[in-house]
Amino acid sequence: MSIDDKESPGVHDAAIGHNDGVDEKRGNAADRADMYRMGKVQEMRRNFRFLSIFGFSMILMASWEFSLSVSTIGLVNGGTAGLIWMFFICWIGFLLVNTSMAEMASMAPTTGGQYHWVSEFAPPQHQKFISYLMGWMCVLGWQTSCASSAFIAGTQIQGLVVLNYPDYVPEAWHGTLLSVAVAAFSVLFNTVLARKLPLIEGLVLIIHIFAFFGILVTLWVLSPRADATAVFTQFSDGGGWGSLGGSTLVGVLAGVLPLLGADAAVHMSEELRDASRTLPRSMIMTTVFNGAFGWIMVITYCFCIGDLGEVIASPTGYPFMQVFYNSTQSTRSATAMSVFIVAMTVFSNLTMVATSSRQLFAFARDHAVPFSPWFSKVPAGWDVPLNAILTTFLVSSLLSLINIGSAVALNSITSLATTSLLSSYIVSIGCMVWRRWTKSPLLPSKFSLGEWGLAINIASEAFLVVIFVLAFMPGNPNPTPAEMNWNILIYGSVTVLSLGYYFFRGTHRYEGPVAYVRTLQQ
């Protein structure tokens, strides 16, 4: 909803410097001025502070936990050396990317995130079309991220059952039911306990940190260790690409997936106090700490992995559970260690539900989706976009049903999350490159890249374009239909459908966030 549709009392005063006190719902004067400039009404409470939003981002990315869950991708294509060094390259690359986005977040701290930035920073004649397309990519990317993390958590729970009851035969529908249960748990926290979410994020952050050190020490003390030279220098071509370099590049997703999603904090910016100052700090620090935790865990895991063939063939479906068991020689100990990974995956899904529902809410607020008033509604007393949250649950549940027929189809659909989010990063940072290259004016911000801005933006673009292309690659050069990466087909189909809706319906209703932006008089 634009500010012209519903004027909030005191907003104009805040924009011109009056009423500088901190308001529980509308934040401080800077928050109110930002909302006024962007033409938006403050509809949710600003419950988050720096520590809670930092915890929110850390938990959503859960880099060291997800690095264990997806490590097989890099171990098959690249080996231990490939996994370690590609993760490091991705860490540095995402540090550049997230620093670029942190600057934009400081300029325009809005729940809309990337599609709003594109609308404000793209060439005026193209802003409407490009921002609309990126809005759909962000909505679909985060919705499928929720389904993916719920599915991972559900199948990890199945893996724990297999670990403890070897006679249990996991069925696809069991995983689906567990995925739906995880999604329902996340909805409960994001609705009934919504006001407690910042406190919960802070508490789970403590678990995230202490579990890291607990598992790290256990592995170093109990596991047999490989030769350091072999771990750091021996690459492998398990995918059969005929080139160590090519195989290692294909395995880059093992480094991309655990580091994706730092923009989640942006989509909570209208619930964050002093957002224009706090967001950049949170985004950059999240990338630094989660990246460091992830890289250290990847190195440790590669030292302690033992027989690669054995752990990849683990009946649990997750090699890290087999490594935990081999290290401790105890089912109970391996279960205790794995429970922390599963719990963090569940809480990561909880934060993804919050993020994806806010993204859908913001896009609907700008009249970009069917039934926009319904999706953008924030019921009195709830302070959250309830309908958008329930829709997120429905999407996760429906997508998880696909697993009953084909896990490959589900994985291909949920992989849309990676390419969708990457494309939104590419386009939004590309708009900043255009503005700097053409010396167009930039918005004032509390975090600025200054004279380094263009170089950092261009380096970010180069990194993103490479991993975007690699994200469409299959795991081997001669895949069967079951091994094929169908991401390119799904990504293309979603793009065509969103463009079709734009030309037949969206172009008549959607103006882009820039249409509501006010120019403040100095």
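Residues numbered from 1 in each chain as written. Predicted model: local features only at pLDDT ≥ 70, side-chain atom pairs only at ≥ 80, totals over all residues. Heavy atoms only, no water.

Trainee: I would appreciate a short explanation of the overall build of the protein chain in the present structure.
Mentor: Helix and strand counts for the protein chain come out as 23 helices and zero strands. For 522 residues, the compact-globule estimate of 2.2 N^0.38 gives 24 Å, and the C-alpha radius of gyration of the protein chain, at 23 Å, lies within 12% of that figure. In terms of principal-axis extent, the alpha carbons of the protein chain reach across some 65 × 45 × 45 Å. Burial analysis of the protein chain (522 residues in total) assigns 59% to the buried set. When contacts within the protein chain are restricted to residue pairs at least 6 apart in sequence, those whose partners lie at least 24 apart make up 80%. For the protein chain, the computed accessible surface area is about 19,700 Å², with 68% contributed by carbon and sulfur atoms. For the protein chain, the centre of its 27 positive side-chain charges and the centre of its 30 negative side-chain charges are spaced 9 Å apart. (Helix = DSSP H or I, 4+ residues; strand = E, 2+ residues; numbered from the N terminus. Rg over C-alpha atoms; globule rule 2.2 N^0.38 Å. Buried < 20%, exposed > 50% of the residue type's maximum accessible area, 1.4 Å probe, protein only. Contact = heavy atoms within 4.5 Å. Areas by Shrake-Rupley, 256 points an atom, 1.4 Å probe, with all protein chains shown as cover. Lys, Arg positive; Asp, Glu negative; His and termini not counted. Charge placed at Lys NZ, Arg CZ, Asp CG, Glu CD.)

Trainee: Got a minute to help me understand the environment of Gly291 in this structure?
Mentor: Mapping Gly291 onto the fold places it in helix 14 (residues 275-304). Gly291 gets classed as buried once you look at its relative accessible area, which sits at 0%. Along the sequence, Gly291 and Pro198 sit 93 residues apart, while their C-alpha atoms lie 23 Å from each other. Setting aside its immediate chain neighbours within four residues, Gly291 contacts Phe87, Trp91, Leu259 and Thr286.

Trainee: Sorry if this is basic, but what is going on with the side chain of Gln359 here?
Mentor: Note that Gln359 resides in helix 17 (residues 331-365). A polar contact of 3.4 Å, which involves the side chain of Gln359, links it to the backbone oxygen of Gly112. A distance of 3.3 Å separates a polar atom in the side chain of Gln359 from a polar atom in the side chain of His267. (Polar contact = N/O pair within 3.5 Å; in protein donor to acceptor, adjacent residues only side chain to side chain.)

Trainee: Quick question: what am I supposed to make of the side chain of Ser423 here?
Mentor: Topologically, Ser423 is positioned in helix 21 (residues 416-437). Using a relative accessible area of 5% as the deciding quantity, one classes Ser423 as buried. Separated by 2.7 Å, the side chain of Ser423 and the backbone oxygen of Ser420 make a polar contact.

Trainee: What's the story with the packing of aromatic side chains in this structure? I'm lost.
Mentor: Within this structure, the stated rule accounts for 35 aromatic pairs. Here Phe88 and Trp91 contribute two aromatic rings whose centre-to-centre distance is 6.1 Å and whose plane-to-plane angle is 85 degrees, an arrangement assigned as edge-to-face. One end of the pair is Phe88 and the other is Trp91, both in helix 6 (residues 79-107) and three residues apart, which spans about a single turn. Note on Phe320 and Phe324: the rings are 5.6 Å apart at their centroids and 65 degrees apart in plane angle, and the pair reads as edge-to-face. Taken together, the positions of Phe320 and Phe324, both in helix 16 (residues 319-328) and four residues apart, correspond to about one turn of that helix. (Phe/Tyr/Trp six-rings, centres within 6.5 Å; stacked < 30°, edge-to-face > 60°.)

Trainee: I would appreciate a short explanation of the packing of helix 21 against helix 22 (residues 453-470) in the present structure.
Mentor: Relative placement of two packed helices is described by the angle separating their axes and the distance separating the axes. One can describe the packing of helix 21 onto helix 22 by two numbers: an axis separation of 9 Å at closest approach and a directional angle of 150 degrees. Taken together, the axes of helix 21 and helix 22 are roughly antiparallel relative to one another. In this structure, helix 21 crosses over helix 22, and the sense of that crossing is left-handed. Touching Thr419, Leu422, Ser423, Tyr425, Ile426, Ile429, Gly430, Met432, Val433, Arg436 and Trp437 of helix 21 are Gly453, Leu454, Asn457, Ile458, Ser460, Glu461, Leu464, Val465, Ile467 and Phe468, all from helix 22. Here the residues of the contact of helix 21 with helix 22 are counted per class, giving 13 nonpolar, six polar and two charged. (Axes fitted to C-alpha atoms, helices over the stretch in contact; angles between N-to-C directions. Parallel < 35°, antiparallel > 145°, perpendicular 65-115°, else oblique. Left-handed = near helix turned anticlockwise from the far one by under 90°. Nonpolar A, V, L, I, M, F, W, Y, C, P; charged D, E, K, R; others polar.)

Trainee: What am I meant to see in helix 8 (residues 127-164) here?
Mentor: The α-helix advances 3.6 residues per turn, and as a result positions three or four apart in sequence lie on the same side. Taking 1.5 Å per residue as the helical rise, helix 8 with its 38 residues ought to reach 56 Å, and the 55 Å between its terminal C-alpha atoms agrees with that figure. Extensive coverage of helix 8 is indicated by the burial of 31 of its 38 residues. (Expected span 1.5 Å × (residues − 1).)

Trainee: For this particular structure, what's the right way to read the nonpolar core?
Mentor: Side chains of nonpolar character tend, in soluble globular proteins, to be buried together. In this structure, Trp64, Phe94, Phe324, Phe363, Tyr425 and Leu464 are the most contacted members of the largest nonpolar core, which totals 132 residues. If you tally residues by element for this core, the top one is helix 17, at 15 residues. Look past the residues within four positions of Phe324 in its chain and what remains in contact with it is Leu68, Ile215, Leu219, Ala334, Met337, Ser338 and Ile341. (Core = buried A, V, L, I, M, F, W, Y, C linked by side-chain atoms within 4.5 Å.)

Trainee: Is there a simple way to explain the packing of helix 8 against helix 21 in this structure?
Mentor: Relative orientation of the contacting elements helix 8 and helix 21 amounts to 145 degrees, with a least axis distance of 8 Å. The interaxial crossing formed by helix 8 with helix 21 has left-handed handedness. Counted together, Ile130, Met134, Met137, Cys138, Leu140, Gly141, Trp142, Thr144 and Ser145 of helix 8 and Leu416, Ala417, Ser420, Leu421, Ser423, Ser424 and Val427 of helix 21 form the full contact between these two elements. Considered class by class, the residues forming the contact of helix 8 with helix 21 number ten nonpolar, six polar and no charged.

Trainee: How do you make sense of the pattern of salt bridges when you look at a structure like this?
Mentor: Opposite charge on two side chains permits them to pair, given that their charged atoms come into close proximity. Taken as a whole, this structure holds eight salt bridges when the rule is applied. Notably, a salt bridge pairs Glu103 with Arg436, separated by 2.6 Å at the nearest N-O pair. Residue Glu103 is found in helix 6, and its partner Arg436 is found in helix 21; the two are separated by 333 residues along the sequence. Since its relative accessible area comes to 14%, Arg436 is described here as buried. Residues participating in the shared-partner salt-bridge network are Asp274, Arg277 and Lys446. (Salt bridge = Lys/Arg side-chain N within 4 Å of Asp/Glu carboxyl O.)

Trainee: So what exactly am I meant to see when it comes to helix 6 here?
Mentor: An ideal rise of 1.5 Å per residue puts 42 Å on 29 residues; helix 6 measures up with 42 Å between its terminal C-alpha atoms. Buried residues dominate helix 6, accounting for 23 of its 29 residues.

Trainee: Looking at this structure, how should I read the confidence of the model for the protein chain?
Mentor: In low-pLDDT regions, the fine details of the predicted coordinates are not to be read closely. Of the residues in the protein chain, 94% reach a pLDDT of 70 or more, and the chain-wide mean stands at 86. At the level of individual helices and strands, the protein chain shows its lowest average pLDDT in helix 1 (residues 11-15), which scores 42, and its highest in helix 22, which scores 95. Contacts for the low-pLDDT stretch residues 1-19, under 50 throughout, to residues beyond four places or in other chains number 39 contacts. (pLDDT = per-residue confidence, 0-100.)

Trainee: Explanation requested: unusual backbone geometry in the structure shown.
Mentor: Generally, phi is negative for residues other than glycine and the peptide bonds are trans, each holding for most cases. Residue Ala62 is not a glycine yet carries a positive backbone phi of 40 degrees. Looking at the element boundaries, Ala62 is found in the loop between helix 3 (50-61) and helix 4 (63-69). Of note, Gln329 is a non-glycine position whose phi angle comes to about 55 degrees, a positive value. With respect to the secondary-structure elements, Gln329 resides in the loop between helix 16 and helix 17. Relative accessible area serves as the criterion here: at 57%, Gln329 is assigned to the exposed category.

Trainee: Would you explain a nonpolar patch on the surface in this entry?
Mentor: A contiguous nonpolar surface patch, about 600 Å² in accessible area, is contributed by Trp173, Leu177, Leu394, Leu398, Leu401 and Ile404. Contributions of two or more residues to the nonpolar patch are made by helix 9 (172-191) and helix 19 (386-405). Broken down by element, the nonpolar patch gets its largest block of residues, four residues, from helix 19. Examined against the element boundaries, Leu401 turns out to sit in helix 19. Leu401 gets classed as partly exposed once you look at its relative accessible area, which sits at 44%. (Patch = residues over 30% accessible without salt bridge, like charges linked within 9 Å, V, L, I, M, F, W, Y side chains within 5 Å.)

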